[in-house]
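# A look at the structure
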Amino acid sequence: MKKESRGRLLSREERVMRIFEQLTVVEDRHTILTHGRHSLKYVEKTKFLTEREAVDELCSMLADDFRDDQIDFVIGPVAGGILLADSASKHLSNNSGRKVLGIWADKDGKNFKIRPAFKSKIKDSRVLVVEDIFTTGESLERVVEAVREAQGNVIGVGVICNRGEADLSSLGVGKISTLVTLNIPSYSEEECPARNLHS
């Protein structure tokens, strides 16, 4: 935990929320999410992904949860996941004294694929999959599947922010770390309170 100006220790979730508040990551605006449901709040990940210090602090927190898991590779989905994988791998290397590499999974239609050059490296290796925002879990599931198809061992999943409606246990991964869960409701088009404003 980290001290704030009054000397009180901040919990990890409070530290994440402070970063989000300082960067206005959670925006009050009507949006249609990737799975078609509506929300009155939007988590704008580019607000923290474009701030090096924020990425560094968030990935340091994720890395702390996996420091004893002998991770060989950290992998994230292109494009935001590249930054997270790179930063988290550096923190894991520093924390564990082991060489941990950050790589990425490329988009392949609706799925993700591992480049041939990476496949040979991650085979039989211990892999941590990282993601910025967890909404439906589809992207994360497909990256986990791609790693398993490449015969990598998915040891854990690290997520910066869970919007709060998806069940991470469905990934079938033994260890999951989520820095913050926001519990932001989503609505069908018919249920959305903003329906009349956006019809």
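Structure: see above.
I will try to describe carefully the structure that is included in this document. Here the structure is a predicted model, which is why all the values come from computation and not from measurement. Starting from 1, residues in each chain are numbered consecutively following that chain's sequence as written. Local features in a predicted model are, by the rule used here, given only for residues with pLDDT of at least 70; side-chain atom pairs are given and counted only at 80 or more, and totals for whole chains, interfaces and linings are based on all residues. To get the side-chain values, all heavy atoms of the structure are used, and hydrogens and water are removed first.

## Here we look at the nonpolar core
- In terms of nonpolar packing, the biggest core is built from 32 residues, with Phe 20, Phe 48, Val 74 and Ile 160 touching the most fellow members.
- The set of elements that each furnish at least two residues to this core consists of α1 (12–22), α2 (46–49), α3 (52–65), α4 (80–96), β8 (126–134), β9 (153–162) and β10 (175–181).
- When checking whether two residues touch, look at their non-hydrogen atoms; a contact exists if any pair is within 4.5 Å. Excluding residues that lie within four positions of it along the chain, Phe 20 makes contacts with Val 25, Val 26, Phe 48, Ile 160, Cys 161 and Val 180. Take the buried Ala, Val, Leu, Ile, Met, Phe, Trp, Tyr and Cys residues and link them wherever side-chain atoms come within 4.5 Å; each set so joined is a nonpolar core. Note on exposure labels: buried denotes an accessible area under 20% of the residue type's maximum, exposed denotes more than 50%, and partly exposed covers the range between, all computed with a 1.4 Å probe on protein chains only. A run of H or I in DSSP counts as a helix once it spans at least four residues, and a run of E counts as a strand once it spans at least two, with each numbered from the N terminus.

## Points about the layout of surface pockets
- Each cavity reported here is a set of points on a 1 Å grid over the protein atoms alone in which a 1.4 Å probe fits but cannot get out, each pocket an open set with protein on both sides within 12 Å along at least five of seven lines, and each lining residue one with an atom within 4 Å of a point. Grid points are joined across faces, edges and corners, and a volume is the space filled by probe spheres set on the points. The volume enclosed by the largest pocket comes to roughly 640 Å³.
- In this structure, the largest pocket is lined by 28 residues; those nearest its centre are Thr 34, Lys 45, Ile 133, Thr 135 and Ser 139.
- Elements represented by at least two residues in the lining of the largest pocket include exactly β3 (26–32), β4 (38–43), α4, β8 and α6 (138–149).
- Gly falls in the polar group here, along with every residue not listed as nonpolar (Ala, Val, Leu, Ile, Met, Phe, Trp, Tyr, Cys, Pro) or charged (Asp, Glu, Lys, Arg). Broken down by class, the residue content of the lining of the largest pocket amounts to 11 nonpolar, 9 polar and 8 charged.

## So, the packing of α1 against α3
- Angles here are taken between N-to-C directions and fall from 0 to 180 degrees, while the axes themselves are lines fitted to C-alpha atoms, restricted in helices to the stretch in contact. The N-to-C vectors of α1 and α3 enclose an angle of 160°; their axes lie 11 Å apart at closest approach. Here α1 lies roughly antiparallel to α3, going by the angle between them. Of the two possible hands of crossing, α1 and α3 adopt the one that is left-handed. From α1, Arg 12, Arg 15, Val 16 and Ile 19 reach across to α3, where they touch Ala 54, Glu 57, Leu 58, Met 61 and Asp 65.
- In terms of residue class, the contact of α1 with α3 is built from 5 nonpolar, no polar and 4 charged. In what follows, roughly perpendicular refers to angles from 65 to 115 degrees, roughly parallel to angles under 35, roughly antiparallel to angles over 145, and oblique to any angle outside these ranges. Note on convention: the crossing is left-handed when the near helix lies turned anticlockwise from the far helix by less than a right angle, right-handed when the turn is clockwise.

## Digging into the pairing of β4
- Strands pair, by our definition, only if DSSP identifies at least two bridges between them. Bridge analysis of β3 against β4 gives 5 bridges, and the strand direction is antiparallel. Paired with Thr 31 across the strands is Ser 39, a residue of β4.
- Count of turn residues in the β3/β4 antiparallel hairpin: 5 residues, of which Gly 36 carries a positive phi of about 90°.

## Regarding the environment of Ser 89
- Following the sequence through the fold, Ser 89 ends up in helix α4.
- Among all residues touching Ser 89, those that are not within four sequence positions of it are Val 74, Val 100, Leu 101 and Gly 102.

## Some points on the pairing of β9
- Within β9, 9 of the 10 residues are buried, which leaves the element mostly enclosed by the surrounding structure.
- Strand direction decides the pairing type here: β8 and β9, joined by 8 bridges, are parallel. Bridge pairing links Arg 126 to Asn 153 in β9.
- Between the parallel pair β8 and β9, the chain is carried across by α6, and the sense of this crossover is right-handed.
- Where β9 lies against β10, 6 bridges are found, and the strand directions are parallel. Within β10, the position partnered with Val 157 by the bridge is Ile 176. A crossover gets the label right-handed when its path from the first strand over the helix to the second runs clockwise, viewed with the strands pointing away from the viewer.

## Observations concerning α6
- Spanning 12 residues, α6 covers 16 Å between terminal C-alpha atoms, matching the ideal 16 Å at 1.5 Å per step.
- Every buried residue of α6 is listed here: Leu 140, Val 143, Val 144, Ala 146 and Val 147. End-on view of α6: buried residues confined to an arc of 160°, all on one side of the axis.
- Where the residues of α6 are buried, they touch β5 (73–77), β6 (101–108), β7 (111–113), α5 (116–122), β8 and β9.
- Just past α6, the residue Gln 151 takes up positive phi, approximately 65°. Helix span is expected to be 1.5 Å times the residue number reduced by one. Note that the arc is computed from the directions linking the helix axis to the C-beta atoms.

## Quick word on the packing of aromatic side chains
- Pairing of aromatic rings covers Phe, Tyr and the six-membered ring of Trp, with a centre-to-centre limit of 6.5 Å; geometry is then stacked below 30 degrees between planes, edge-to-face above 60, and tilted otherwise. For the coordinates displayed, the defined rule picks out 2 aromatic pairs.
- Judged by centre distance (5.6 Å) and plane angle (10°), the ring pair of Phe 20 and Phe 48 falls under stacked. With Phe 20 in helix α1 and Phe 48 in helix α2, this pair connects stretches of sequence that are 28 residues apart.
- In this structure Phe 20 comes out as buried when scored by relative accessible area, which is 2%.
- Residue classification places Phe 48 among the buried positions, given a relative accessible area of 0%.
- With centroids separated by 5.1 Å and ring planes inclined at 85°, the aromatic side chains of Trp 104 and Phe 118 adopt a geometry described as edge-to-face. Of this pair, Trp 104 sits in strand β6 while Phe 118 sits in helix α5, placing them 14 residues apart in sequence.
- Look at NZ for Lys and CZ for Arg. If either is within 6 Å of the ring centre and within 35 degrees of the ring normal, a charge sits over the ring. The side chain of Lys 175 reaches across the aromatic face of Phe 66, ending 5.0 Å from its centre.

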